[in-house]
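Here are the chains, one letter per residue:
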Amino acid sequence: MLFKKEILSLLACTAGALGAHIRNRDATSVFLLAGDSTTAKQTDGGGGWGEGFKNFTISSPSFAVNYGHNGATTSSFISGGDWETVLSEASRHSSSKTVYVTIQHQFGHNDQKLSNFVETYKSNLRRMISDVKANDAIPIIVTSISRRKYRSNGTINDNLETWAGYAISVANEGETMYIDLWKNSVKYLEKIGETAARKLDLKSGDATHLNGNGSIVFGRMVMDLLCEKSAAIRAVAKQDEKLSGNIEAGTPSF
Ligand SMILES: *[C@@H]1O[C@H](CO)[C@@H](O)[C@H](O)[C@H]1NC(C)=O
Ligand SMILES: *[C@@H]1O[C@H](CO)[C@@H](O)[C@H](O)[C@H]1NC(C)=O
Ligand SMILES: *[C@@H]1O[C@H](CO)[C@@H](O)[C@H](O)[C@H]1NC(C)=O
């Protein structure tokens, strides 16, 4: 019988033989979620998809940490110290675990207030991607979740598509993994319709933030989109065929 230390040294030898750049990582993945109130945990001031993702879509011992910060822009997330925290956690885990950092902000609300916001937004995203890579972790760009505002003909009225496009263009510059949460959330919301969508609002009159059920639905949507892009993520995901089936079919779950 091999003891843990022996297994580790065996792994170390194998890795050494394969090349010094191969690390002795275990099978655990860590997801660090960077974003604003549309990623953040459910409170009076915000609520996003992060908690549903964290609580229900990942197989233990893999895990997620939600760094969503209400009101954050890409700039304030960096200057206010959140980004430093995310990077130090990435660095702390990346020698032994696979670390993913998701980067999502609903920039329609927040970054649009910055001066020269398009260029600022893009250059902040480029910087975040390279910072994550420099800490031996994997960046994932997530486009903004759609607001749940409907036109009278039932289509979604949300102007964040341009921002989703900026985010995807930056991801494509460096072959960074991305998921288009904007497009997929619009598609789902148009299928379930406004009555069902209102049940996912944090509170009455808030078409931006999600309650717990909304977090479960969109957290699952994020994980399903990640699984489509990455077999490694699929291997650490916890599946929920019923909810995923509802999302795929455009059927309400709550
Ligand atoms: C709904 O209304 C919008 C805005 O008037 C229009 O652009 C869109 O084509 C309409 N879609 C459908 C399916 O009627
Ligand atoms: C997720 O789990 C945390 C901690 O148990 C809990 O406070 C929160 O309400 C949960 N949120 C959702 C959406 O499941
Ligand atoms: C979430 O859905 C469950 C089941 O439909 C329901 O009982 C509960 O009230 C919902 N929570 C919220 C905050 O709407």
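Our structure's up above, just so we're on the same page.
The shown structure was predicted, so the numbers you read here are calculated from the model rather than taken from an experiment.

**Thoughts on the site of ligand 3**
Right, on to step 1. Around ligand 3 sit Asn211, Asn213 and Phe254, and those are all the residues in its vicinity.
Right, on to step 2. Between ligand 3 and the protein, one listed contact pairs an oxygen atom with a side-chain N or O atom of Asn213 at 2.3 Å.

**Quick notes on the pattern of salt bridges**
Right, on to step 1. For the structure shown, the criterion picks out 10 salt bridges.
Right, on to step 2. Residues participating in the shared-partner salt-bridge network are Arg148, Glu194, Arg198 and Asp201.

**Overview of the pairing of strand S1 (residues 29-35)**
Right, on to step 1. Along S1, seven of the seven residues are buried, which leaves the element largely enclosed by surrounding structure.
Right, on to step 2. Bridge count for S1 against strand S2 (residues 63-66) is four bridges, and the pairing is parallel. By the bridge assignment for S2, Leu32 is matched with Val65.
Right, on to step 3. For the handedness criterion, the β-α-β arrangement of S1, helix H2 (residues 50-56) and S2 is classed as right-handed.

**Remarks on the site of ligand 2**
Right, on to step 1. Around ligand 2 sit Glu51, Asn55, Phe56, Gly212 and Ser215, and that is every residue in its neighbourhood.
Right, on to step 2. Here an oxygen atom of ligand 2 sits 2.3 Å away from a polar atom, N or O, in the side chain of Asn55.
Right, on to step 3. Considering ligand 2 on its own, with 360 Å² of exposed area, one finds that the protein chains cover 45% of that surface.
Right, on to step 4. Broken down by secondary-structure element, the contributors of at least two residues to the shell around ligand 2 are H2 and helix H8 (212-229).
Right, on to step 5. Of all the elements, H2 adds the most residues to the shell around ligand 2, at three residues.
Right, on to step 6. Of the residues assigned to the shell around ligand 2, the class counts are one nonpolar, three polar and one charged.

**Things to note about the nonpolar core**
Right, on to step 1. Phe31, Phe53, Trp83, Val101, Phe218, Met223 and Leu226 are the most contacted members of the largest nonpolar core, which totals 64 residues.
Right, on to step 2. Sequence-distant contacts of Trp83, that is, excluding residues within four places in its chain, are made with Ala34, Phe77, Ile78, Val101, Ile103, Arg127, Met128, Asp131 and Val132.

**Side note on the packing of helix H5 (residues 117-134) against helix H6 (residues 161-173)**
Right, on to step 1. Where H5 contacts H6, the axes come no closer than 10 Å and their chain directions differ by 40°. Comparing the axis directions of H5 and H6 gives the class oblique. The handedness of the crossing between H5 and H6 is right-handed. Contacts between H5 and H6 involve Phe117, Val118, Tyr121, Lys122, Leu125, Arg126 and Ile129 on the former and, on the latter, Trp163, Tyr166, Ala167, Ser169, Val170 and Glu173.
Right, on to step 2. A class-by-class count of the residues in the contact of H5 with H6 yields nine nonpolar, one polar and three charged.

**Overview of the pairing of strand S3 (residues 98-104)**
Right, on to step 1. With respect to burial, S3 is a largely interior element, six of its seven residues being buried.
Right, on to step 2. Sheet analysis places S1 next to S3, joined by seven bridges and oriented parallel. Within the sheet, the bridge partner assigned to Val30 lies in S3 and is Val99.

**So, a positive patch on the surface**
Right, on to step 1. A contiguous patch of positive charge on the surface is contributed by Lys183, Lys187, Lys191 and Lys229.
Right, on to step 2. Take the positive patch: its biggest share by element is three residues, from helix H7 (residues 181-198).
Right, on to step 3. Mapped onto the elements, Lys191 comes out in helix H7.

Criteria and cut-off values
- Residues numbered from 1 in each chain as written.
- Chains lettered and ligands numbered in written order.
- Predicted model: local features only at pLDDT ≥ 70, side-chain atom pairs only at ≥ 80, totals over all residues.
- Heavy atoms only, no water.
- Near = heavy atom within 4 Å.
- Polar contact = N/O pair within 3.5 Å; in protein donor to acceptor, adjacent residues only side chain to side chain.
- Salt bridge = Lys/Arg side-chain N within 4 Å of Asp/Glu carboxyl O.
- Buried < 20%, exposed > 50% of the residue type's maximum accessible area, 1.4 Å probe, protein only.
- Helix = DSSP H or I, 4+ residues; strand = E, 2+ residues; numbered from the N terminus.
- Pairing = 2+ DSSP bridges.
- Right-handed = clockwise from strand over helix to strand, strands pointing away.
- Areas by Shrake-Rupley, 256 points an atom, 1.4 Å probe, with all protein chains shown as cover.
- Nonpolar A, V, L, I, M, F, W, Y, C, P; charged D, E, K, R; others polar.
- Core = buried A, V, L, I, M, F, W, Y, C linked by side-chain atoms within 4.5 Å.
- Contact = heavy atoms within 4.5 Å.
- Axes fitted to C-alpha atoms, helices over the stretch in contact; angles between N-to-C directions.
- Parallel < 35°, antiparallel > 145°, perpendicular 65-115°, else oblique.
- Left-handed = near helix turned anticlockwise from the far one by under 90°.
- Patch = residues over 30% accessible without salt bridge, like charges linked within 9 Å, V, L, I, M, F, W, Y side chains within 5 Å.
- Lys, Arg positive; Asp, Glu negative; His and termini not counted.
- Charge placed at Lys NZ, Arg CZ, Asp CG, Glu CD.

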